[in-house]
Structure formats: C-alpha cells, structure tokens
Amino acid sequence: MHLKIIGSAAGGGFPQWNCNYRLSRGAWDGATNVVPRTQSSLAASANGKDWVLFNTSPDIRQQIAATSDLQPRAYGPLRATPIRAVVLTNADVDHIAGLLSLREREPFAIYAAHRVLEVLDANSIFNVLDRSIVERRELVLNEATDILDSKGHPTGVVIEAFAVPGKVALFLEDLSKAADGFGTQEGDTIGLRISSRAGGRGAFYIPGCARIDDPLKRRVSGADCLLFDGTLFTDDEMIVAGVGAKTGARMGHLQISGASGSMTALADLDIKRRIYVHINNTNPILDETSVERAAVREAGWEVAHDGMEVTF
Ligand code: MLT
Ligand code: MN
C-alpha cells in the first residue's frame, strides 16, 4: 500500500492567503525554518496504478501538478486520470471544495457517509459532477468497504469508516444548538482504516478529531501507521496568536499538547509510525527549529509535509 500525503495543512493552507502571523510571514518571506503546505488531502494506491483520494482540497490542481502518479498517463486516452475514487471524511470546505475542480465529464466514484452525501446533494453546485458519470456511494460505518472505480472494478483499496468525535462543518453550524455541538450528528466526522485487498496491514487516517476515547484507542492500537489531527499545538493557540476567537474544542480539533492532548492520550499505544496531518498555520510545529517541533519528534511523532510517503 502506498500513501502520499499530497496536502498536509489545515483549511487555509500554509501560508494562508490573508495571514501575516509570524509563521505565514516566514513562509511568505522564504524563511528556511518553515515549508509551505497545501490543504489537507491524502492519496492511496494498492497497485501503484489506480489511486484513491481521501478528501479533495481547493488545492487539488496544484497537488496533481506536484504528483506525477495522479496525472494522466503519457500515451493514454485524450482525457484520462488514474484517480478512480474520492473518499470524504467530513463536509468541511477544505475537504470537499476540490470536487469542483474534478469536473470535465471524467468518471470516478465518490464515497462518503450519509451526512456528507446530504451536504453534496443539498448544494446544487456539486451537480457539475454529473451523477450519471460520477456516482455517489454511501459508506456504511464499521464495515469493510472495497473501493470500486466508476465501472465497479476494485481499486485494491479497502477502507473501514467509523465515526469519531467531531463537529458539523462550519457552514452548517446551528447556532441555536450551541450547547449540543451546534447540531453535530454521528457520521459528520469519520476516521478511516485504509488497507489493501491483499493483506491485513492497515493505516488510520483521522484528519479531524475532537476527543480521544477508549474505543478509538482500542481501534488504532497495533496500527502500522496513524495519520492524526495535528491542527493545533495548544487549544487556545489561535486566540493567543491574535488571529481568531475560537479554541480547538470549539472547532472540533483536539490539541496536540498537554495532559488531555493527543500526544499524551496516544503515547502508550503500539503504533509503528505516527504522523500529524491537517496542521494549522498557527501551529508552532511548522517551525522546524521550535521547541514544540522538538517535543513531538521526541514523542515519536512525525510532522507531515506535502509529498510525504508511507508504504506498508
Ligand atoms: C476545520 O478543519 O475546522 C475546517 O476546515 C475549518 C474551515 O472550514 O475553515
Ligand atoms: Mn479542515
């Protein structure tokens, strides 16, 4: 199984278009201690030929341009793509807006949980992907699902989707239900176990997660690789940085640090390779010389960058 992290930043990317905070500022200025990153997306292939995208970000065109495996094959048909399917983990803009760039009457399949398919159905702009060409298929939670191409042929990629604690997409928040997760329901945010038809080895992809509970720990224990929500280092990071009013808890993202953070919560689990993804432009781990970056490295975590590969 080949995994390629084609976008490692959270929504907004790094640097973010309107951001002057010190990390984005460094990236604008070409500082050597920070590396620019596009928005959150992962590509996977079991055979090196057929690729499945996990989330499609507004940067998908740039990501395809940077990844030859995702480009039309030389001497292939006039219109072609090795991208056979897209799997969505939530309905956040950074994870679904890239679908709009995958129009042009190219067959592939979209897989998502019921709640996310409802969002696509309710927003007619997604009809630029003609349903007779791009089929929408509902993911059943807690069941192994063979990812099939548009014609129903197996790609070799198998996933199991499961609900994780999260939050409904920002643009769907019901402010009258603030005390009740702004109307969040099960399946608004899912995690995925990704494996191949050929073997039992698996990686977990969880780019958004609000809380780590015992069922989640049991699930990811023994994994070959865990790609986990690395949005924020501290819960109040955006407030302290002066760029926003929301905590991680308010946004549905568990912070990395502290007694209740993901680094401590996952510390004792048997996981071969652990990588933070979906990194916000305020997160000090983006600075390769920072103490925070050293702390995650010390704890056995890698920090995703665009183009990072995982093979298992
Ligand atoms: C998130 O991960 O919290 C969202 O991508 C935020 C957003 O939609 O900007
Ligand atoms: Mn996001």
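In short, a report on the structure. (Residues numbered from 1 in each chain as written. Chains lettered and ligands numbered in written order. Predicted model: local features only at pLDDT ≥ 70, side-chain atom pairs only at ≥ 80, totals over all residues. Heavy atoms only, no water.)

To continue, consider the layout of surface pockets. Once rolled over the atoms, a probe with the size of a water molecule shows which space is left empty. Of the voids in this model, the largest pocket is the one considered here, and its volume is about 650 Å³. Forming the boundary of the largest pocket are 31 residues, of which G11, D94, L170, M251 and H253 lie nearest the centre. Of all the elements in the fold, those that place two or more residues in the lining of the largest pocket are α3 (93-96) and α7 (248-251). Here the lining of the largest pocket is composed, by residue class, of nine nonpolar, 16 polar and six charged. Of the voids in this model, the second largest pocket is the one considered here, and its volume is about 450 Å³. For the second largest pocket, the lining is made up of 17 residues, of which I64, A80, T81, S101 and L102 are closest to its centre. Within the lining of the second largest pocket, the residues separate by chemical class into ten nonpolar, two polar and five charged. (1 Å grid on protein atoms, 1.4 Å probe; cavity = no way out; pocket = protein on both sides within 12 Å on 5 of 7 lines; lining within 4 Å. Points joined across faces, edges and corners; volume = space filled by probe spheres on them. Helix = DSSP H or I, 4+ residues; strand = E, 2+ residues; numbered from the N terminus. Nonpolar A, V, L, I, M, F, W, Y, C, P; charged D, E, K, R; others polar.)

Along an α-helix, a turn takes 3.6 residues, which lines up residues three or four apart on a common side. Listing the buried residues of helix α4 (residues 114-122) in full gives R115, V116, L117, V119 and L120. Packed against the buried residues of α4 are α3, β5 (108-112) and β6 (134-138). (Buried < 20%, exposed > 50% of the residue type's maximum accessible area, 1.4 Å probe, protein only. Contact = heavy atoms within 4.5 Å.)

Our focus in this paragraph is the sheet that holds strand β2 (residues 41-45). If you trace the seven strands from one edge of the open sheet to the other, you get β6-β5-β4-β3-β2-β1-β14, paired in mixed fashion. One side of each edge strand has no neighbouring strand; the edge strands of this open sheet are β6 and β14 (308-311). Between one strand axis and the next, the sheet turns through 20 degrees on average, direction left out of account. As paired elements, strand β3 (residues 51-54) and strand β4 (residues 83-87) share four bridges and run parallel to each other. Directly across from F54, in β4, lies its bridge partner V87. Strand contacts of α4: β5 and β6, with the helix running at about 145 degrees to β6, the strand carrying the most contacts. (Pairing = 2+ DSSP bridges. Axes fitted to C-alpha atoms, helices over the stretch in contact; angles between N-to-C directions.)

As enumerated under the stated definition, the model contains three aromatic pairs in all. Summarising the aromatic geometry, the rings of F54 and Y205 are spaced 6.3 Å apart at their centres and angled 70 degrees between planes, so their arrangement reads as edge-to-face. Linking F54 in strand β3 with Y205 in strand β10 (residues 199-206), this pair joins segments that are 151 residues apart in sequence. No difference in accessibility class separates F54 from Y205, as the two residues are buried. Here Y276 and W301 contribute two aromatic rings whose centre-to-centre distance is 3.8 Å and whose plane-to-plane angle is 10 degrees, an arrangement assigned as stacked. Of this pair, Y276 sits in strand β12 (residues 273-277) while W301 sits in strand β13 (residues 301-303); the two residues are 25 residues apart in sequence, bridging distant segments of the chain. When the ring centre of F182 is taken as reference, the NZ or CZ atom of R250 above it lies at 3.8 Å. (Phe/Tyr/Trp six-rings, centres within 6.5 Å; stacked < 30°, edge-to-face > 60°. Lys NZ or Arg CZ within 6 Å of the ring centre and 35° of its normal.)

Around ligand 1, the neighbouring residues are D92, D94, M251, H253 and H278. In the environment of ligand 1, an oxygen atom lies 3.3 Å from a nitrogen or oxygen atom belonging to the side chain of D92. At a separation of 2.9 Å, an oxygen atom of ligand 1 approaches a polar side-chain atom of D94. Protein chains bury 74% of the 270 Å² of accessible surface belonging to ligand 1 in isolation. A majority-of-atoms criterion places ligand 1 in the largest pocket. Class assignment for the residues of the shell around ligand 1 results in one nonpolar, two polar and two charged. (Near = heavy atom within 4 Å. Polar contact = N/O pair within 3.5 Å; in protein donor to acceptor, adjacent residues only side chain to side chain. Areas by Shrake-Rupley, 256 points an atom, 1.4 Å probe, with all protein chains shown as cover. Sits in = over half its atoms within 2 Å of the grid points.)

This next bit is on empty space enclosed by the protein. Counted by the stated rule, this structure contains one cavity of 30 Å³ or more. A volume near 40 Å³ is recorded for the largest cavity. Lining the largest cavity are A91, R115, V116, V119, V168, A169, L172 and D188.

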